[in-house]
Amino acid sequence: MYWPDARNIGDSFAGLPRDVLSQMVLMPSRYHWLVAVFALLLLACWTPAAPAQQAASGGDTAAIARPPGHTSADFWRSLKEGATGVSSVRGVESGVAMNRHGQEWRQARNRLLAPWGAWLLGGVLLTLAGFYAFRGPVRLEGEDDGTTIPRFSINHRIAHWFTASLFLLLAVTGLVLLYGRGALEPLFGARGFAAIASGAKEAHNLFGPIFLFALVLLISGYARDNLPQRGDLGWLAAGGGLFGRHASAWRFNLGEKAWFWLVCVLGLGLSLSGLVLDFAVFGWDRTTLELAHFLHVAAALILVAVSFGHVYLGTVGVEGTLRGMLGGAVERRWAALHHDLWLRQTESPAAVDDDAKGND
Amino acid sequence: MTSFILGPLWTFSLLVFCLGVAWRIVAILALGFPRDPASPRGSGLAGGLAGLLRRSWPRNGVGRKNLLPVIAGYAFHLGLFALLFFAAPHVRFLDHYLPGPGWTPMPRWGFVIAAELAFAGLILLWLRRVMHPVTRLLSSLDDHLAAGLTFLAMFTGCLALYESFTGLRVLHVFAVELLLLYFPFSHLMHAFTLFMGRAATGARAARHGVGA
């Protein structure tokens with residue numbers, strides 16, 4: 001059976017360009033020592049470009065010109081400071097032999113973002129578990145009389161679940177990329193994790209732009225009812241109804257509105273930074289990519305952490321809430337308990353308008 | 001397991017797919033058309049072609065009320081068609097099996113756009129299927145299974161995009177095999193019967209002298 005991609009090029013070389021891998025595979029192993037010697041010779045002979053060449057290539061000539069008495073330490077120092085040379089490879093910063101920026105970014109990712117992100121995600125999960133144990137779910141009051149109120153249209157629900165499914169997929173693949181080496185490599189081994197990470201990366205890159213489209217659908221469907229309204233702060237002052245006091249709210253309470261705008265702002269930031277990372281072929285320099293990556297991960301971690309709260313409140317935290325997003329309608333007693341202003345508006349719009357105008 | 005999936009199971013699923021599809025089509029054609037003693041008022045061929053075109057767009061009033069299934073439907077099907085026949089790995093694969101000079105794969109950006117359209121369309125269509133009360137009632141387990149297997153085949157293909165991990169490619173081939181095995185016995189047959197049905201309806205209407 002012929003399988004065009006069945007070349008066994010070794011999973012451990014996954015990071016190398018395919019043409020390099022092909023060359024390595026095609027070359028008989030008895031000649032590998034020749035390559036090593038050639039590489040050493042090249043390294044020994046490598047010198048930064050002459051000033052004329054530098055000027056032609058637009059590089060920083062002054063930083064790497066070798067003055068008389070130039071020492072090896074000076075040479076390496078200049079490289080560390082980002083001195084540029086001439087490379088046959090065409091691309092942004094391809095003449096930079098050593099980029100200390102990359103190491104700084106790597107440390108920021110591994111020593112700042114990843115651990116703080118883990119603390120954030122774990123902390124939110126623990127808080128929610130503790131809150132559930134302490135408070136339990138918010139139960140509906142009274143008996144269900146069978147009356148339901150339409151809350152979300154089909155298009156609203158499709159927009160929500162479309163965004164949610166993409167968010168879930170992107171969150172899982174993103175977390176695999178951020179924490180997989182520590183969490184999955186011990187379980188699946190280096191080769192197994194390399195395959196998982198490769199799959200996660202491809203899926204993440206491919207589904208990312210669809211998330212932007214989903215966000216546009218979400219914003220166009222939900223933005224109007226998530227604008228600030230009189231009474232929003234009253235809901236906040238009443239603790240959102242979680243601690244015994246009744247909290248009046250419109251169609252969406254302040255917490256839901258805050259979540260919505262957080263999704264919009266951070267989601268758009270995530271999408272735009274993701275597009276920069278996704279389409280690196282457009283020639284972004286390294287600093288731009290590092291900044292985009294840092295913002296992307298930070299925004300994603302915040303969104304994932306807050307989404308735990310959203311999922312909690314939408315499922316086990318508040319009885320009867322999920323029904324609205326699944327079937328489109330909620331029980332009347334649910335609406336009366338959590339969104340009484342919206343219920344009044346739905347049942348008698350004129351009365352609410354009169355209230356707003358101050359009429360009797 | 002890998003050699004089984006890439007070898008005997010692949011051959012078997014391809015055989016079931018080809019024979020199953022041929023059997024279903026022959027069975028439909030064997031039913032024939034009911035004899036119509038009236039003299040035809042129009043050309044059946046022209047009517048069939050007109051039916052194919054006309055029924056590719058919803059009637060006035062239906063499409064305007066809900067454009068989502070129309071747009072998502074076209075996005076998914078066109079995207080999937082492009083992925084199936086013009087994605088570089090698929091072109092290489094088909095080039096090996098099919099006679100003739102083969103064809104040029106689409107560029108990377110074309111692949112990305114096709115994949116985005118196909119995935120977005122499929123997810124939206126399935127969500128509408130389960131959200132809309134009418135389509136939910138009309139849908140059977142077969143429809144959900146067909147959508148799920150299609151998504152699985154597409155998704156595993158997406159995972160294997162880097163083309164360097166045997167395990168991921170085998171996973172994709174396995175998902176495709178499941179789809180091939182299920183295809184002839186499911187609503188997925190509409191990939192073939194859709195055009196037959198539309199053309200037959202259009203031809204019959206033209207012979208009767210009415211619009212399809």
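Structure's up top.
In this text the structure is predicted, and so the values were computed from the model without any measurement.

Reading the values: the criteria
Residues numbered from 1 in each chain as written. Chains lettered and ligands numbered in written order. Predicted model: local features only at pLDDT ≥ 70, side-chain atom pairs only at ≥ 80, totals over all residues. Helix = DSSP H or I, 4+ residues; strand = E, 2+ residues; numbered from the N terminus. Buried ≥ 20, exposed ≤ 12 C-beta atoms within 10 Å, placed from the backbone. Contact = placed C-beta atoms within 7 Å. Nonpolar A, V, L, I, M, F, W, Y, C, P; charged D, E, K, R; others polar. Core = buried A, V, L, I, M, F, W, Y, C linked by C-beta atoms within 7 Å.

Enquirer: Kindly report on the overall build of chain A, identifying the contributing residues and their values.
Expert: Along its length, chain A carries 14 helices and two strands. Per-residue burial over chain A gives 25% buried out of 360 residues. Within chain A, contacts between residues at least 6 apart in sequence are counted, and of these 65% link residues at least 24 apart.

Enquirer: Account for the interface of chain A and chain B, with residues named and values stated.
Expert: Taken together, the contact between chain A and chain B spans 24 residues of the former and 27 residues of the latter. Listing elements by their share of the side of chain A that touches chain B, those giving two or more residues are α6 (154-183) and α7 (185-222) of chain A. The dominant element in the side of chain A that touches chain B, judged by the number of residues it contributes, is α7 of chain A, at ten residues. In the side of chain A that touches chain B, the residues fall into 17 nonpolar, three polar and four charged.

Enquirer: Any details on unusual backbone geometry? Residues and values, ideally.
Expert: If you check the backbone angles, Glu 163 of chain B has positive phi at about 60° while not being a glycine. Accessibility expressed as a C-beta count within 10 Å gives 17 for Glu 163 of chain B, which makes it partly exposed.

Enquirer: Go over the nonpolar core with me, naming the residues and quoting the values.
Expert: Counting residues in each nonpolar core, the largest one holds 63 residues, and the members touching the most others are Leu 166 and Phe 207 of chain A together with Ala 118 and Phe 119 of chain B. For this core, the elements supplying multiple residues, two or more each, are α6 and α7 of chain A together with α4 (68-86), α6 (108-131), α8 (141-159) and α9 (166-182) of chain B. A total of 14 residues in this core trace back to one element, the largest contributor, which is α7 of chain A. In contact with Phe 207 of chain A, not counting residues within four places along its chain, are Leu 166, Leu 169 and Leu 170 of chain A together with Phe 119 of chain B. Of all hydrophobic cores here, the second largest spans 13 residues; its members include Trp 250, Val 330, Leu 337 and Leu 343 of chain A.

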